[in-house]
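# A closer look at the structure
Chain residues, written in single-letter form:
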Amino acid sequence: MAKPKVAFYWCASCGGCEEAVVDLAEKVLDVVAAVDIVFWPVALDFKRSDVEAMPDKSIAVSFINGAIRTSEQDEMAKLLRKKSQMVIAFGACAHEGGIPGLANLWNRRAIFDWYYRNGPSVASKEGAVPMTKIKVPEGELELPEIWDTVKCLDQVVDVDYYLPGCPPTPKLIANAVQAILAGKLPAKGAVLAGTKALCGECKLNSTKPEKLLIKDIKRMTEVFLDPEKCYLAQGVICMGPVTRGGCEALCIEGRMPCSGCFGSLDKTPDYGAKALSYVASIVDVTGQEEARKVMEKVADPTGIFYRYSMPASKLGRKRQKGAN
Amino acid sequence: MAQAVSPPIQTTESKSEGSSFEPKIVAFFCNWCTYAASDLAGISRMKYAPNVKIVRVMCSGRIDPSFVIEAFRSGADGVMIGGCNPGDCHYKEGNYKTMRRYMLLSRMLQDFGIEKERFRLEWICASCARELQETVDKMTADIKRLGPLDWKGV
């Protein structure tokens, strides 16, 4: 029997998800032995035309990481969808929009103005701005167009499964590959990670007080974290209570609070709203002025609560003047 | 001298300019205070802007921030939360939670381009029908000035 064909592709991402595949270490050899990699631009020399030449549905699984924010990424996602039996959104950006999704607080023009004209590190104030077409002696060149709005993968193509995380852990990737090869996958649309909140698998959960209340919110620079005590109880915002588990609390073990990269649980309608609600609820300060002072210590609520999920959130992006 | 003239015929153009814009305001009112105040206003035949669509909840603390976001996304031009004065919560601390959520949510919504005036938290006691009337009228006028939100999203 022919080995199942697999494709990897990256869109708006940092490359960490590709790194995660390599992080499988020697297990990657098992994967390579079991499947036939037909497309992986970061590692192997295949071109788009190679994919175009493949019959529809001939790829068993496409792993697509990164958010979608250019016309090229949109085309590639749609092309791979057409050629694949199964599409897996790989990593936080493909899953819920990820860090690139925070660009939805601006639009293309604002971003270009800053990065090519007004930013303090831009030498020329009349700097070149990316264009989609330019004439050169050899003819006209065309480049992809950057969108005003960053989208997650399932906002442009149908997605079968999600592998969350920034990046997904080697263990989850290996489990997912095994499940695919064995044909033991859950119902379509499932997130291939935990189904309970991270606190459930956190080592420090036993030190979490019965009724968790804090008098002050502390930023990481203000406190020497006791690595043996629940970080929330120490006043540092940890997203554990609202974030999907499955990562085995690796960051907590590395003395960093959870920042929420595994995204929302199945029944959470909006990750940021839920996270905001829980943080406000555990602050045990009732005076209006005192409460205001504590809540202001959440320096950037939007950035903290929607760090990985703005495109997938209910509001999705900042209101665009003119478009609205 | 002002003469009685028939109102000008509304065209779609003048409508989009906001002259006849009637804001839709979703109002989450606590059963024990603000909802009672709106009831009292009704019984007392007081008039207030009909723009608020009241949703009665048992406590302002029941209002998940996602309700507010959902309201804006579904076409509300404004959202108002009415709860008990500090110290008066029927469930002791629900309104304090709402207050702290409001402090964060209001900042967050402004990041999304939703003006501060479109999202209000008010403590209105059960006998404060007059205050309810004034608050609703003021919020309606504020939002009329801002124009429709007309949320488009992604």
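This one's a predicted model, so the numbers in the text were calculated from it and none came from an experiment. (Residues numbered from 1 in each chain as written. Chains lettered and ligands numbered in written order. Predicted model: local features only at pLDDT ≥ 70, side-chain atom pairs only at ≥ 80, totals over all residues.)

For chain B, the helix and strand inventory stands at five helices and four strands. Mapped from its N terminus to its C terminus, chain B presents α and β elements in the order α-β-α-β-α-β-α-β-α. Residue pairs at least 24 apart in sequence account for 81% of intrachain contacts in chain B once pairs closer than 6 positions are excluded. (Helix = DSSP H or I, 4+ residues; strand = E, 2+ residues; numbered from the N terminus. Contact = placed C-beta atoms within 7 Å.)

Of regular secondary structure, chain A possesses 11 helices and nine strands. Over its C-alpha trace chain A gives a radius of gyration of 22 Å, about what one expects of a compact globule, namely 20 Å for 324 residues. By principal-axis analysis of the C-alpha atoms, chain A measures approximately 65 × 55 × 35 Å. Scored against the burial criterion, the 324 residues of chain A give a buried share of 41%. (Rg over C-alpha atoms; globule rule 2.2 N^0.38 Å. Buried ≥ 20, exposed ≤ 12 C-beta atoms within 10 Å, placed from the backbone.)

Attention now moves to the sheet that holds strand 1 (residues 25-30) of chain B. All names here are of chain B. Taken in spatial order, the four strands line up as 2-1-3-4 in an open sheet, and their pairing is parallel. Both outer strands of the open sheet, strand 2 (52-57) and strand 4 (119-123), are each paired with one neighbouring strand and no more. Averaged over all pairs of adjacent strands, the angle between their axes in this sheet comes to 20 degrees, without regard to strand direction. Strands in contact with helix 3 (residues 65-73) are strand 1, strand 3 (78-83) and strand 4; relative to strand 3, the strand with the most contacts, it is inclined by about 150 degrees. (Pairing = 2+ DSSP bridges. Axes fitted to C-alpha atoms, helices over the stretch in contact; angles between N-to-C directions.)

Below, the discussion takes up the interface of chain A and chain B. A common way to express how large an interface is: the accessible area buried when the components associate. Contact with chain A, which involves 30 residues of that partner, is made by 25 residues of chain B. Broken down by secondary-structure element, the contributors of at least two residues to the side of chain A that touches chain B are strand 8 (146-151), helix 9 (271-282), helix 10 (288-295) and helix 11 (301-305) of chain A. No other element matches helix 9 of chain A, which puts six residues into the side of chain A that touches chain B. Looking at the side of chain A that touches chain B, its residues break down into 13 nonpolar, nine polar and eight charged. (Nonpolar A, V, L, I, M, F, W, Y, C, P; charged D, E, K, R; others polar.)

Residues and elements named next belong to chain A. Partitioning chain A into domains gives domain 1 (5-99 + 148-182), domain 2 (107-147) and domain 3 (198-305). For domain 1 and domain 3, the distance between their C-alpha centroids amounts to 31 Å. Facing eight residues of domain 1, the contacting portion of domain 3 comprises seven residues. When residues of the side of domain 1 that touches domain 3 are assigned to their parent elements, the largest contribution, three residues, is made by helix 5 (residues 92-96). (Domains from an automatic or database assignment.)

Residues and elements named next belong to chain A. In space, the five strands of this open sheet follow the order 2-1-3-5-9, with parallel pairing throughout. Looking at strand neighbours, the two that pair on one side only are strand 2 (36-39) and strand 9 (161-163), the edges of this open sheet. Neighbour-to-neighbour, the strand axes of this sheet turn through a mean angle of 30 degrees, independent of strand direction. Here helix 4 (residues 71-83) sits on the sheet in contact with strand 1 (5-10), strand 3 (59-65) and strand 5 (84-90), set at roughly 135 degrees to strand 5.

So, about the pairing of strand 2 of chain B. Residues and elements named next belong to chain B. As defined by bridge partners, strand 1 adjoins strand 2 across six bridges and the pair is classed as parallel. Bridge pairing links Ile 25 to Val 52 in strand 2. Taken together, strand 1, helix 2 (residues 34-43) and strand 2 constitute a β-α-β crossover, and its handedness is right-handed. (Right-handed = clockwise from strand over helix to strand, strands pointing away.)

With that settled, consider helix 4 of chain A. Residues and elements named next belong to chain A. With 13 residues, helix 4 should cover 18 Å at 1.5 Å per step; its first-to-last C-alpha distance of 18 Å lies within 8% of that length. Of the residues making up helix 4, those classed as buried are Gln 73, Met 76, Ala 77, Leu 80, Arg 81 and Lys 83. Among the structural elements, strand 1, helix 3 (48-53), strand 3, strand 4 (68-70) and strand 5 are those in contact with the buried residues of helix 4. (Expected span 1.5 Å × (residues − 1).)

Counting residues in each nonpolar core, the largest one holds 132 residues, and the members touching the most others are Tyr 9, Ile 64, Ala 89, Leu 153, Leu 163 and Leu 276 of chain A together with Phe 72 of chain B. Looking at this core element by element, the count peaks at eight residues for helix 4 (residues 94-111) of chain B. Two domains share this core, each providing at least three of its residues, namely domain 1 (5-99 + 148-182) and domain 3 (198-305) of chain A. The contact partners of Leu 153 of chain A, leaving out residues within four places of it in the chain, are Ile 64, Ile 68, Ala 77, Ala 89, Ala 94 and Val 159 of chain A. (Core = buried A, V, L, I, M, F, W, Y, C linked by C-beta atoms within 7 Å.)

With that settled, the discussion passes to the confidence of the model for chain B. Residues and elements named next belong to chain B. Per-residue pLDDT for chain B averages 90, and the proportion of residues at 70 or more is 88%. Note that residues 1-18 has pLDDT below 50 and, in this model, five contacts with residues that lie over four places away or in other chains. Interface confidence for the predicted complex, given as ipTM, is 0.92, next to a pTM of 0.91. (pLDDT = per-residue confidence, 0-100.)

What follows is about the packing of helix 2 of chain B against helix 5 (residues 129-146) of chain B. Residues and elements named next belong to chain B. Packing of helix 2 against helix 5 leaves a shortest axis separation of 8 Å and a crossing angle of 95 degrees. On the basis of their axis angle, the class for helix 2 and helix 5 is roughly perpendicular. Where helix 2 abuts helix 5, its residues Thr 34, Ala 37, Ser 38, Leu 40 and Ala 41 lie against Ala 129, Leu 132 and Gln 133. (Parallel < 35°, antiparallel > 145°, perpendicular 65-115°, else oblique.)

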